[in-house]
Amino acid sequence: MAEENTGKKKGSMSVSEAGRKGGQTVRDKYGHSFYEEIGRKGGETVRDQRGHEFYEEIGHKGGQKVKELIEAGKKRAAEAAKNAEKKSE
């Protein structure tokens, strides 16, 4: 990690470094199952607050985004192939 010249005294850490260190401490103390449990509880809370229709909507939006990305990728690939063909002529 590159050191930044922030004018702070030697040994001080940035906010991101402190957050990373805290996250690692929690991970080491509580383990993987802790994150699974809080994720499950959070998911249940969202389900109870927003309902089944919310998941249908965001699933549809996600599917549409994937479809758009695939189409854009195909278009770029076709353009790249066309440009490569022109260069080889």
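Please refer to the structure placed before this passage.
Counting of residues starts from 1 at the beginning of each chain's written sequence and follows it residue by residue. Local features in a predicted model are, by the rule used here, given only for residues with pLDDT of at least 70; side-chain atom pairs are given and counted only at 80 or more, and totals for whole chains, interfaces and linings are based on all residues. The basis for every side-chain value is the complete set of heavy atoms in the structure, and neither hydrogens nor water enter the calculation.

(A) Structural detail: the overall build of the chain. Only DSSP runs of H or I covering at least 4 residues are called helices, and only runs of E covering at least 2 are called strands; the numbering of each starts at the N terminus. A tally of helices and strands in the chain yields three helices and zero strands. The N-to-C order of helical and strand elements in the chain reads α-α-α. Note on classification: 1.4 Å probe, protein chains only; a residue is buried when its accessible area is under 20% of the maximum for its type, exposed when over 50%, partly exposed between these limits. Expressed as a percentage of its 89 residues, the buried residues of the chain come to 1%.

(B) The arrangement of the packing of aromatic side chains in detail. To pair, rings of Phe, Tyr and Trp, with the six-membered ring standing in for Trp, must have centres within 6.5 Å; the planes then decide the type, stacked if under 30 degrees apart, edge-to-face if over 60, and tilted in the middle. For the structure shown, the criterion picks out three aromatic pairs. For the ring pair tyrosine 30 and phenylalanine 34, a centre distance of 4.8 Å and an interplane angle of 25 degrees mean the geometry is stacked. Tyrosine 30 gets classed as partly exposed once you look at its relative accessible area, which sits at 44%. Judged by relative accessible area, which is 28%, phenylalanine 34 ranks as partly exposed.

(C) Main features of the packing of helix H2 (residues 32–50) against helix H3 (residues 52–88). Axis geometry follows a simple rule: fit a line to the C-alpha atoms, using only the stretch in contact for helices, then measure angles between N-to-C directions, giving values from 0 to 180 degrees. The geometry of H2 relative to H3 is characterised by a closest axis approach of 6 Å and an angle of 105 degrees between their N-to-C directions. Judged by the angle between their axes, H2 and H3 are roughly perpendicular. Only His52, Glu53, Phe54 and Tyr55 of H3 make contact with H2, whose side of the interface consists of Gly43, Val46, Arg47 and Arg50. Here the residues of the contact of H2 with H3 sort into three nonpolar, two polar and three charged. Relative orientations are named as follows: roughly parallel for angles under 35 degrees, roughly antiparallel for angles over 145 degrees, roughly perpendicular for angles from 65 to 115 degrees, and oblique for any other angle. Residue contacts are counted whenever heavy atoms from the two residues lie within 4.5 Å of one another. Amino acids outside the nonpolar list (Ala, Val, Leu, Ile, Met, Phe, Trp, Tyr, Cys, Pro) and the charged list (Asp, Glu, Lys, Arg) are all regarded as polar, and Gly is one of them.

(D) Representation of the pattern of salt bridges. Here a salt bridge means any side-chain nitrogen of Lys or Arg lying within 4 Å of a carboxyl oxygen belonging to Asp or Glu. If you walk through the whole model with that rule in mind, you get five salt bridges. With a closest N to O distance of 3.1 Å, lysine 41 and glutamate 37 form a salt bridge. In this pair, lysine 41 and glutamate 37 both sit in helix H2, four residues apart, roughly one turn of the helix. Overall, glutamate 37 belongs to the partly exposed group, its relative accessible area being 37%. Two residues, lysine 61 and glutamate 57, come together in a salt bridge whose shortest N-O distance is 3.2 Å. One end of the pair is lysine 61 and the other is glutamate 57, both in helix H3 and four residues apart, which spans about a single turn.

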